[in-house]
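Here is what each chain is made of, one letter per residue.
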Amino acid sequence: MYGFEALTFNIHAGYLEAIVRGHRAGLLTAADYNNLCQCETLDDIKMHLSATEYGSYLQNEPSPLHTTTIVEKCTLKLVDDYKHMLCQATEPLSTFLEYITYGHMIDNVVLIVTGTLHERDVQELLEKCHPLGMFDSIATLAVAQNMRELYRLVLVDTPLAPYFSECITSEDLDDMNIEIMRNTLYKAYLEDFYRFCQKLGGATAEIMSDLLSFEADRRAVNITINSIGTELTRDDRKKLYSNFGLFYPYGHEELAVCEDIDQVRGVMEKYPPYQSIFSKLSYGESQMLDKAFYEEEVKRLCLAFEQQFHYGVFFAYMRLREQEIRNLMWISECVAQNQKSRVHDSVVFIF
Amino acid sequence: MEEQDQMQSSIEVEEVEEQQREGKRLEEENVVRFLDSLDSYVTLLDSLSSTLRQGWLELASARQSMGASRINGALLDLKSHSAATSLQVTHHDDEILNQPHFTLCKWASSKNGYGDEKLRENKLQTNSDGPQLRHRSQFAEKIPETKGAPLIVDDQVQKERTKSLSMFGTLVSPKLRAAQLSFETALETLVEIANVRLTMLSTSDQVRKELEGTEG
């Protein structure tokens, strides 16, 4: 025990912790995934999911189903669970729960801005936004021409406003600027979330710092790999890394100068918690790296449920559901494309 | 006199037989050419199918890795811009190959005039061993040594590839780049299929005419 959470936690958050542990019990098991992997059509998948918590969300969907429909309906289940928890939560848990959605908010902002740059219809873009990241004035993003206007017209009244201080320029929005804006916002958000959890203290701080550090480290590796061969300079790359995590600061120095996947591997293998990730991959291979990261993340998220009286279980549940939805999306795509032999390439079992 | 007539007639008979042998040889050549083109056509169709399957799966994998909000149809660019890849149709004046020929001009920008049109044409024309699935490394295309193929094409082609992917963001997953390469290979295969199909139809017509001529 870290403090005296056991004495006071249940007064305000005991009900919701029980709720979220109940939701956790509803996550799909390995047996469910084995059944799903043997489905021949998307209607078979719908039939198998009808016996799970997703059943009521898919039952009214007409055939022929599409993979995006399955993902949308399963996401609605996650959104309903979240909204129920949020409306029942008191401070500081309500702020903690809101923090979990800021990442989706950033993704939605970037989607609207990028789509507008490409002369797409705003309504079409709004339909593609993640429901957890919606806010009232999101449609107004389409009128902004540069980041200063973006901030002044829309984002100043949103929770993302404090994250914009490093992004505000009068440069017109283009693909590179938008990418840098996305990653700068996400970096600021992660650091803010980290500081908030540290302020909460106790078991929440301990568990969330591990989970958020892993997230920051994974982002650093993905930014490095994705920027290899692009015009992003080493300095710009380093600016996108978060200022916490296992790699901070020396690992970041080394990652910033990496030019290929093997150099990234060399950096990561110096850190024992990440040695197991690359031990599963052969040299030069990066295709299975995502799966290896997801497996490590799921392991850490499941461990969060081993302790009581902390807010990490809420974060862990949301992330595990998102992983489950990714699994369902992959299985649906393999079934729809008649490539069932590849279904185990990206499915990450939770239990 | 009679001997001379006999010799003349035997020479004429030999000439006729020679012409018949030559005609038969040409018929057989056309049949072999038709069968070769048919074999190439079927092999290319199979190759196209597997390349497209690979591309679609890689795209789904990229979508899973980067997220549905980063890879979706709503991000495709509707602004008017020049085509990065175009198809050129040329006509041969050759008596034998009296048919159009398709050439893919990939990643050729009108601004700088660079493109690997000659590379594609050389590869298509020297494709006599049958179609093969091309495998490329992720970031550098190993272009075989050909006369007049500048190495600067590598960098320019890579830039054009990155530019076309930029609608999904500038920091994209290697899986998305792999999907792009797969669809690029599929496009090349499609053009090869079109050329082989033309050859196949042309030789098929010739064989049919010869058969009809023989029966007549």
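The model shown is predicted, which means the values in this text are computed figures rather than measured ones.

Draft legend 1. Summary view of the overall build of chain A. Within chain A one finds 16 helices and 0 strands. Relative to the globule expectation of 20 Å for 351 residues, the C-alpha radius of gyration of chain A, 21 Å, shows essentially globular dimensions. When each of the 351 residues of chain A is scored for burial, the buried share is 56%. For chain A, the computed accessible surface area is about 15000 Å², with 50% contributed by carbon and sulfur atoms. Across chain A, 31 positive and 52 negative side-chain charges occur, with their mean positions spaced 3 Å apart.

Draft legend 2. Seen up close, the packing of helix H6 (residues 93-117) of chain A against helix H9 (residues 175-200) of chain A. Residue and element names in this part refer to chain A. At their nearest, the axes of H6 and H9 sit 10 Å apart, and the two run at 175° to each other. Considering the angle they form, H6 stands roughly antiparallel to H9. Here the residues of the contact of H6 with H9 sort into 18 nonpolar, 3 polar and 4 charged.

Draft legend 3. The arrangement of the confidence of the model for chain B in detail. Residues and elements named next belong to chain B. Predicted confidence across chain B gives a mean pLDDT of 78, with 75% of residues reaching 70 or more. Here residues 110-149 scores under 50 on pLDDT; set against residues more than four positions off or in separate chains, the count is 66 contacts. Model confidence for the complex is summarised by a pTM of 0.86, with the ipTM given as 0.91.

Draft legend 4. Main features of the side chain of Asp175(A). Locating Asp175(A) in the fold gives a position in helix H9. No salt bridge is formed by the buried Asp175(A), whose closest oppositely charged neighbour, Lys79(B), lies at an N-O distance of 6.9 Å. There is a polar contact of 3.3 Å between the side chain of Asp175(A) and the side chain of Ser166(B).

Draft legend 5. View of helix H8 (residues 147-154) of chain A. Residue and element names in this part refer to chain A. Taken together, the buried positions of H8 are occupied by Met147, Leu150 and Val154. With its buried residues spanning 70° around the axis, H8 presents them on a single face. Buried residues along H8 sit in contact with H6 and H9. Structurally, the start of H8 carries an N-cap: the backbone nitrogen of Arg148 is 3.0 Å from a side-chain oxygen of Asn146.

Draft legend 6. Molecular detail of unusual backbone geometry. Residue and element names in this part refer to chain A. Here Ser63 and Pro64 are connected by a cis peptide whose omega angle stands at 0°. In this fold, Pro64 is placed in the loop between helix H4 (55-58) and helix H5 (67-88). Residues Tyr248 and Pro249 are joined by a peptide bond in cis, for which omega reads 0°. Inspection of the secondary structure puts Pro249 in the loop between helix H11 (234-239) and helix H12 (250-256). With a phi angle near 55°, Asn338 is a residue other than glycine that sits in the positive phi range. Judged by relative accessible area, which is 56%, Asn338 ranks as exposed.

Draft legend 7. Summary view of the interface of chain A and chain B. If you look at the interface, chain A gives 40 residues, while chain B gives 32 residues. Of the roughly 3200 Å² buried where chain A meets chain B, counting both sides, 54% is carbon and sulfur surface. Considering only the surface of chain A that becomes buried against chain B, His118(A), Arg120(A) and Asn226(A) emerge as the three largest contributors, covering 17% of it. Linking chain A with chain B are 2 salt bridges, by the criterion used here. In this structure, Lys175(B) and Asp290(A) form a salt bridge, with 3.2 Å as the shortest nitrogen-oxygen distance. Across the contact surface, chain A and chain B share 18 residue pairs in polar contact (both at pLDDT 80 or more). When residues of the side of chain A that touches chain B are traced back to their parent elements, those giving at least two are H6, helix H7 (122-128), H9, helix H10 (202-227), helix H15 (289-304) and helix H16 (312-336) of chain A. By residue number, the principal contributor to the side of chain A that touches chain B is H16(A), which donates 6 residues.

Draft legend 8. Structural context of the environment of Gln206(B). On the secondary structure map, Gln206(B) appears in helix H4 (residues 174-215). Along the sequence, Gln206(B) and His101(B) sit 105 residues apart, while their C-alpha atoms lie 18 Å from each other.

Draft legend 9. Focus on a nonpolar patch on the surface. Where nonpolar side chains cluster on the molecular surface, the patch consists of Val31(B), Leu35(B), Leu38(B) and Val42(B) and spans about 310 Å² of accessible area. The residue Leu38(B) is located in helix H1 (residues 2-66) in this model.

Draft legend 10. Expanded view of the pairing of strand S2 (residues 100-105) of chain B. Residue and element names in this part refer to chain B. Taken across its 6 residues, S2 has 5 buried, putting it largely inside the fold. One ladder, built from 6 bridges, connects strand S1 (residues 86-91) with S2; its direction is antiparallel. Counted as the bridge partner of Ser86 is Cys105 from S2.

Draft legend 11. Local environment of the packing of aromatic side chains. All names here are of chain A. Evaluated as defined, the whole model comprises 22 aromatic pairs over all chains. Each ring, one from Tyr99 and one from Tyr102, has its centre 5.2 Å from the other, and the planes form 50°; the classification is tilted. Note that Tyr99 and Tyr102 are positioned in helix H6 at a spacing of 3 residues, about one turn of the helix. The class of Tyr99 is buried, set by a relative accessible area of 9%. When its relative accessible area of 8% is taken as the criterion, Tyr102 is described as buried. One cation-aromatic arrangement involves Arg24 over Phe305; the distance from NZ or CZ to the ring centre is 4.9 Å.

Draft legend 12. Here's a closer look at the state of the cysteines. All names here are of chain A. Summed over all chains, the structure comprises 0 disulfides over all chains. Here Cys39 stays unpaired: no disulfide links it, and the sulfur of Cys37, its closest cysteine neighbor, is 8.3 Å away. We classify Cys39 as buried; its relative accessible area is 2%.

Criteria and cut-off values
- Residue indices follow the written sequence of each chain, beginning from 1 at its first position.
- All chains are assigned letters beginning at A, and all ligands numbers beginning at 1, according to the order in which they are written.
- In keeping with the predicted nature of the model, local features appear solely for residues at pLDDT of at least 70, side-chain atom pairs appear and are counted solely at 80 or more, and the whole-chain, interface and lining totals rest on all residues.
- Side-chain measures were taken over the full set of non-hydrogen atoms in the model, leaving aside hydrogen atoms and water.
- Every helix listed is a DSSP run of H or I at least four residues long, and every strand listed is a run of E at least two residues long, numbered separately from the N terminus.
- In this setup the radius of gyration rests on C-alpha atoms only. A globule is expected at 2.2 Å times the number of residues raised to 0.38.
- Think of it in three bands: residues with accessible area under 20% of the maximum for their type are buried, residues over 50% are exposed, and the middle band is partly exposed, with areas taken using a 1.4 Å probe on protein chains only.
- Using a 1.4 Å probe, accessible areas were evaluated by the Shrake-Rupley method; residue-level cover was limited to the displayed protein chains.
- For this count, His and the chain ends are skipped, Lys and Arg are scored as positive, and Asp and Glu as negative.
- To locate a charge, take atom NZ for lysine, CZ for arginine, CG for aspartate or CD for glutamate.
- Convention adopted: a line fitted to C-alpha atoms gives each axis, helices being fitted over their contacting stretch, and angles between N-to-C directions are expressed from 0 to 180 degrees.
- With respect to orientation, any angle under 35 degrees is reported as roughly parallel, any angle over 145 as roughly antiparallel, any angle of 65 to 115 as roughly perpendicular, and every other angle as oblique.
- The classification used treats Ala, Val, Leu, Ile, Met, Phe, Trp, Tyr, Cys and Pro as nonpolar, Asp, Glu, Lys and Arg as charged, and all other residues, Gly among them, as polar.
- pLDDT gives the predictor's per-residue confidence on a scale running from 0 to 100.
- Only heavy atoms matter for contacts: two residues are in contact if any of them lie within 4.5 Å across the pair.
- When a carboxyl oxygen of Asp or Glu lies within 4 Å of a side-chain nitrogen of Lys or Arg, that pair is called a salt bridge.
- Pairs of N or O atoms are called polar contacts if they sit within 3.5 Å, as long as, within protein, a hydrogen donor faces a hydrogen acceptor (for residues adjacent in sequence, only side-chain-to-side-chain pairs).
- Note that the arc is defined by the directions from the helix axis to the C-beta atoms.
- Here the quantity called buried area is the accessible surface, traced with a 1.4 Å probe, that two parts lose on coming together, added over both.
- A patch consists of residues whose relative accessible area exceeds 30% and which take part in no salt bridge; residues with like charges are grouped when within 9 Å of each other, and nonpolar side chains (Val, Leu, Ile, Met, Phe, Trp, Tyr) when within 5 Å.
- Two strands are counted as paired when DSSP detects at least two bridges linking them.
- Any pair of Phe, Tyr and Trp rings, taking the six-membered ring for Trp, is counted once the centres come within 6.5 Å. Such a pair is stacked with planes under 30 degrees apart, edge-to-face with planes over 60 apart, and tilted for the rest.
- Throughout this description, the term charge over a ring refers to an Arg CZ or Lys NZ atom that lies within 6 Å of the ring centre and within 35 degrees of the ring normal.
- Disulfides are defined as cysteine sulfur pairs within 2.5 Å.

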